[in-house]
Amino acid sequence: MTSIAIVGPGAIGGTVAAWLAQNPDFDVSVCVRTPIADLVVETPEGTIRATPKVLTDPSEASPVDWVLVATKTYSTDSTRPWIEALCAQGTRVAIIQNGVEHVRLFEHIVPAERLVPVMINLPATRHAPGRIEQSRHGVIAVPAGQNGEDFAALFAHTEIEAAAHADFVSQLWIKLCGNCAAIVPALTLRAMGPVWSPDFEAIVRGLNEECAAVGRAEGAEIPQSVVDDFVERSRTMPEGAIAGSLHADRLAGNPMEIDARNGVIVRLGEKHGIPTPMNHMLVTLLGASGSPWVKRD
Ligand SMILES: NC(=O)C1=CN([C@@H]2O[C@H](COP(=O)(O)OP(=O)(O)OC[C@H]3O[C@@H](n4cnc5c(N)ncnc54)[C@H](OP(=O)(O)O)[C@@H]3O)[C@@H](O)[C@H]2O)C=CC1
Ligand SMILES: CC(C)(CO)C(=O)C(=O)O
């Protein structure tokens, strides 16, 4: 029996927990801030249900084989008591978050050799605690090596396609290219397609080009087609559509992962001497909308 604890069963953590709990060989528990009774996830494969063990305080936790952290990036330090209670010598800790700085954010909490950064491409929305909609097929990428391969193997019996990649850094930055333009609808509070114009396209393309340039300087391989495809996807975003979790968080009045998704492009751009004026300006403007998470997470 493999024991797995998911810290933060929100949209992503709840979906992952529900899928893993379908495997009778896994003992799945969830570590919550807001209590839940169970998990019900509407997936492209139909509705799945799970009744994992629900822990509400780190004092109830004991060491497990795998800890999966799926909180927002700005909640990192609040997960420390959970991670400490759930870890023994052999425990591995996977960080399932957006952005490219999983290791920087958690290396003061988890030893590097037990830390597994995870890129997840899986659109999910939490409608109520434990009630989630997974709107498309899920894809997970992890670094090559034993930890990455063992993590990917946990998903063998799920609809989530998980694989270890030698070029994980490219996986992370290509995902960030897809995420970085969502700062525009988070600011305008409407879909991009209906307001598209040459000036608007210059902003969206600028955000993406800056991200790709900084990613390449960090060692990622990002073909130009990645930028062009994301710009095209933005151009065709239909009226009423929500561009993912950042836009959804702004609409809900929640804190936003501005630093992890756009601030990081500015910070790492400065390190490499790459100008990032579009990201810099929109980070400043969205931060001025009231989110406390414009500063470095
Ligand atoms: N949603 C999506 O479609 C996608 C999101 N991502 C990324 O995945 C990560 C998670 O996002 P998402 O699932 O949307 O976020 P949610 O806000 O839906 O979920 C985060 C969860 O973490 C919980 N939490 C926060 N702090 C703690 C703590 N100290 N202990 C226990 N639980 C805690 C929250 O509790 P509470 O219930 O009290 O709010 C919530 O359940 C982010 O980095 C996001 O960018 C990546 C791909 C797609
Ligand atoms: C765009 C999406 C849904 C892709 O997984 C995402 O990463 C997010 O909303 O944060």
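Residues numbered from 1 in each chain as written. Chains lettered and ligands numbered in written order. Predicted model: local features only at pLDDT ≥ 70, side-chain atom pairs only at ≥ 80, totals over all residues. Heavy atoms only, no water.

Going by what an unreviewed UniProt entry lists, the protein is known as 2-dehydropantoate 2-reductase and is assigned to Devosia sediminis. Word for word, the UniProt comment on the protein under Pathway (unreviewed entry) is "Cofactor biosynthesis; (R)-pantothenate biosynthesis; (R)-pantoate from 3-methyl-2-oxobutanoate: step 2/2." Under the UniProt heading Catalytic activity (unreviewed entry), the entry covering the protein gives this text: "(R)-pantoate + NADP(+) = 2-dehydropantoate + NADPH + H(+)". (UniProt positions renumbered as here; feature names shortened; annotations may be inferred.)

A. Highlighting the overall build of the protein. A tally of helices and strands in the protein yields eleven helices and twelve strands. C-alpha extents for the protein along the principal axes are approximately 55 × 35 × 35 Å. Across the 297 residues of the protein, 50% fall into the buried class. Put simply, of all contacts in the protein between residues at least 6 apart along the chain, 67% involve residues at least 24 apart. (Helix = DSSP H or I, 4+ residues; strand = E, 2+ residues; numbered from the N terminus. Buried < 20%, exposed > 50% of the residue type's maximum accessible area, 1.4 Å probe, protein only. Contact = heavy atoms within 4.5 Å.)

B. Structural context of the UniProt feature "domain: Ketopantoate reductase C-terminal" (unreviewed entry) in the protein. On the UniProt side, "domain: Ketopantoate reductase C-terminal" (unreviewed entry) is annotated at positions that read residues 168–287 here. A distance of 30 Å separates the end C-alpha atoms of residues 168–287, which is 71% helix and 0% strand.

C. Here's a closer look at the site of ligand 2. Around ligand 2 sit Asn-98, Asn-121, Leu-122, Pro-123, Lys-175, Asn-179, Gly-244, Ser-245 and Arg-261, and that is every residue in its neighbourhood. A distance of 3.2 Å is found between an oxygen atom of ligand 2 and a side-chain nitrogen or oxygen belonging to Asn-179. One nitrogen or oxygen atom from the side chain of Arg-261 is found 3.1 Å from an oxygen atom belonging to ligand 2. Residues of the shell around ligand 2, tallied by class, amount to two nonpolar, five polar and two charged. (Near = heavy atom within 4 Å. Polar contact = N/O pair within 3.5 Å; in protein donor to acceptor, adjacent residues only side chain to side chain. Nonpolar A, V, L, I, M, F, W, Y, C, P; charged D, E, K, R; others polar.)

D. Spotlight on the site of ligand 1. Around ligand 1 there are 26 residues in total, and Ile-12, Thr-34, Asn-98, Arg-126 and Glu-257 lie nearest to it. Calculation on ligand 1 without its partners gives an accessible area of 890 Å², and the protein chains cover 90% of this total. The set of elements that each furnish at least two residues to the shell around ligand 1 consists of helix 1 (11–20) and strand 9 (124–128). Residues that form the shell around ligand 1 fall into these classes: twelve nonpolar, nine polar and five charged. (Areas by Shrake-Rupley, 256 points an atom, 1.4 Å probe, with all protein chains shown as cover.)

E. Local environment of the UniProt feature "domain: Ketopantoate reductase N-terminal" (unreviewed entry) in the protein. UniProt records the feature "domain: Ketopantoate reductase N-terminal" (unreviewed entry) at residues 4–144, using the numbering of this structure. This span, residues 4–144, is 16% helix and 38% strand, and a straight line between its end C-alpha atoms measures 21 Å.

F. The arrangement of the sheet that holds strand 2 (residues 26–31) in detail. Spatial strand order, 5-2-1-6-7-8-11-12: eight strands in an open sheet with mixed pairing. Each edge of the open sheet carries a strand with a single partner, namely strand 5 (53–55) and strand 12 (161–165). Averaged over all adjacent pairs, the angle separating strand axes in this sheet is 25°, with direction ignored. Contacting strand 1 (2–7), strand 2, strand 6 (66–69), strand 7 (92–96) and strand 8 (115–121), helix 1 crosses the sheet at an angle of about 160° to strand 2. The strands touched by helix 5 (residues 168–180) are strand 8, strand 11 (139–143) and strand 12; relative to strand 8, the strand with the most contacts, the crossing angle is about 45°. (Pairing = 2+ DSSP bridges. Axes fitted to C-alpha atoms, helices over the stretch in contact; angles between N-to-C directions.)

G. Seen up close, helix 9 (residues 245–252). Looking at helix 9, one finds that the buried residues are Leu-246, His-247 and Asp-249. Taken end-on, helix 9 shows its buried residues confined to a sector of 160°, consistent with a single buried face. Buried positions along helix 9 lie against helix 6 (183–188), helix 10 (258–272) and helix 11 (277–287). Trailing helix 9 by a residue or two, Gly-253 shows a phi angle of about 75°, which is positive. (Arc of directions from axis to C-beta.)

H. How the structure looks around the pattern of salt bridges. As enumerated under the stated definition, the model contains 14 salt bridges in all. When the shortest N-O distance is used, the salt bridge between Asp-249 and Lys-72 registers 2.7 Å. Here the residue Asp-249 occupies a position in helix 9, and Lys-72 occupies one in the loop between strand 6 and helix 2 (80–86), the gap between them amounting to 177 residues. Using a relative accessible area of 8% as the deciding quantity, one classes Asp-249 as buried. Relative accessible area serves as the criterion here: at 25%, Lys-72 is assigned to the partly exposed category. Taken together, the shared-partner salt bridges in this structure form one network comprising Glu-101, Arg-104, Asp-259 and Arg-267. (Salt bridge = Lys/Arg side-chain N within 4 Å of Asp/Glu carboxyl O.)

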